[in-house]
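Per-entry structural report
What follows is each chain in one-letter form.
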Amino acid sequence: MSDLSHHPFAAIAEAVPAFGAAIRRHDAGDLQGARSAYLDLMDQPQLTALCLHQLALIASARGEYPRAVELLRRCIRLDPSQPLAYHNLRAALERAGDQAGAIAALVDLGCVFYNQGDYGQAADLFRQIVARDPNNYAAHVNLGTALAWRGDYRDAARHLLLGAELYGRLVKEVGVFARMIQTRLGDWLDLQPGHSLLPPGLPSGAIEKVEDALTTLGKLLNDANKPDEAMLCLRKSVEMAPGFALGHWNLSLALLGAGDFAQGWREYEWRWHWDRFPEPRRLLPLPLWRGESLAGKRILVWTEQGFGDAIHILPLAARLVDQGAEVYLEAPKPLVRLFRNSFPAITVVERPDNPHALTLDIPLDYVVPLMSLPDRLALAKSELPLMTSYLRAREADLAIWRGRLPAGGKPRVGVIWAGRPAHAEDARRSIPFDTVKRLFEFDKVQWHSLQVGPAQADLIDSGTVEDLAPYLDDFGDTAAAMAHLDLIIAVDTGAMHLAAACGRPVWHLARTPPDWRWNLDWSSSPWYPTMRIFRQAEAGNWDPVLNDVLAALDEWTSEAEAPAKPKRKTAGEKA
């Protein structure tokens, strides 16, 4: 019996002995017997795509390349996530003399790697494609997108601009725009004046949409702190395709980061039309509130996205109470107890698991997502902060933590170095424990960990830090703990928002590119007066940030240790 351990389908061959037997006949050269066996297994849904793939290999071995191409395309339609099928499709197309089709198969394979989050392998493959076909529009745009995700902004911008210029050979307006952006970015892209990125020849590859290239270019330029050129690209994207939801979404974030709240919050509503937005659009049998009078009305506000978003915008729900509404707020369970204690005029209930279900069995007049309130209430930048010290722990919880963290001794510093792994930007915002742990060598303070989730396990054998996580069941507990700490140092997480919303001194370790809330030029935050921001200068490099934090800690503790200066006597006071 032949060993199948190195076969790409070894796992399924072991799980389904009949499929394993068919592969062995195939490997032994019994193509007719293997073909019959694969055909017998085709009616099993978990095997259909695999059998089509194997039948295609048999067709190729017999020189029946058009048949192999047909079978592989059917295989990919059933299971588009199998890289091996694309490789073999490319080979079959090349042998059939269809070089353009072969390159298109490689582009599709690169998109598989990209969609699986393997941006390195995707970029490598797209580079191979543009080396073979320098005018391939799809390959340049996808290469630029993969490089943008890896943080290689300059190289990404070059390929996205090149893609836009290729498109410009078909639509002159786009070519003129791409060359204008290229001229503005010439020094940043290391281009000589008048030099064009464009190779000779007409574009090849899929060229149906240019808005993807423009919005990706706009987003990466915004991340690279090129806000003016970013805004031009994002506006051009939605001009070229007015219904392009992702373009509007990226434009909203750029506008909000630039402080243009009026248009930014309006564009933010496009999130519900983007098919990859992580929050489901709720289908509730209630009118959506669009700013109508709320006097004597009942309105349901539901939190969306992350814990930090809920904490951040929560004060706007209180404004609905001021307008005469009876406000009901759905929130995730970890926030319910804290929100109830902090806003007694609002009825806070736990948000249901089913996004299309209602928690309340009472007549309601309107419903609105919490993050739509800035738009509905026409929030202006001049109104910041929304509120100060607006979250409060219960007195009973504060008393418990008073016993756990008694006054006296060194200053107490809480620390949070990681967020939820499921967050789209978690790899950028979280700090590896091996990097952050050098903070704990600073011995002028007492270190307390507020870290929860998988990263809490990093604290094993870290004797210099007291782990508070076992006592933190929800955000109410965390708020009570923070009330007895002198300082909280945190990355961009819900708990960091919590510290600031409780009015605690918080040092925010901000990634680059930052979330739209933390403008690139601010060392403080208009949203939270007690926040100080320590920024990354280079994406992924936390060491300079931690150096700045350690220097600030040394200054902070020295000021705390300094004896109080005697009060100066004024004229008329007795000596």
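For the structure, check the block above.
Overview of the structure.

Rules behind the numbers
- Residues numbered from 1 in each chain as written.
- Predicted model: local features only at pLDDT ≥ 70, side-chain atom pairs only at ≥ 80, totals over all residues.
- Heavy atoms only, no water.
- Phe/Tyr/Trp six-rings, centres within 6.5 Å; stacked < 30°, edge-to-face > 60°.
- Helix = DSSP H or I, 4+ residues; strand = E, 2+ residues; numbered from the N terminus.
- Buried < 20%, exposed > 50% of the residue type's maximum accessible area, 1.4 Å probe, protein only.
- Lys NZ or Arg CZ within 6 Å of the ring centre and 35° of its normal.
- Pairing = 2+ DSSP bridges.
- Axes fitted to C-alpha atoms, helices over the stretch in contact; angles between N-to-C directions.
- Contact = heavy atoms within 4.5 Å.

1. What to know about the packing of aromatic side chains
- Using the criterion set out here, one finds 23 aromatic pairs in the structure.
- Between Y137 and Y167, the ring centres sit 5.9 Å apart and the planes meet at 45°, which makes this aromatic pair tilted. You can see Y137 sitting in helix α9 (residues 137-149) and its partner Y167 sitting in helix α10 (residues 153-168), a full 30 residues away along the chain.
- Judged by relative accessible area, Y137 falls into the buried class, the value being 3%.
- One aromatic cluster in this structure is built from W249, F261, W265, Y268, W272, W274, F277, W302, W516 and W527.
- The lysine or arginine in question, R404, covers the ring of W401, its NZ or CZ lying 4.7 Å from the ring centre.
- When the ring centre of W507 is taken as reference, the NZ or CZ atom of R532 above it lies at 5.4 Å.

2. Some words on the sheet that holds strand β6 (residues 446-449)
- Spatially, β7-β6-β5-β8-β9-β10 is the arrangement adopted by the six strands of the open sheet, whose pairing is parallel. Single-partner strands in this sheet number two, and they are β7 (465-467) and β10 (531-535). Across this sheet, the average inter-strand angle for adjacent strands is 25°, counted without regard to direction.
- Direction of pairing for β6 relative to β7: parallel, over a ladder of three bridges. Looking across to β7, one finds that S449 is bridged to D467.
- Helix-sheet contacts for helix α24 (residues 494-501) involve β5 (412-416), β8 (487-491), β9 (506-510) and β10, and the interaxial angle to β9 is about 150°.
- Across the face of the sheet, helix α25 (residues 543-561) comes into contact with β5, β6, β8, β9 and β10 while running at roughly 165° to β9.

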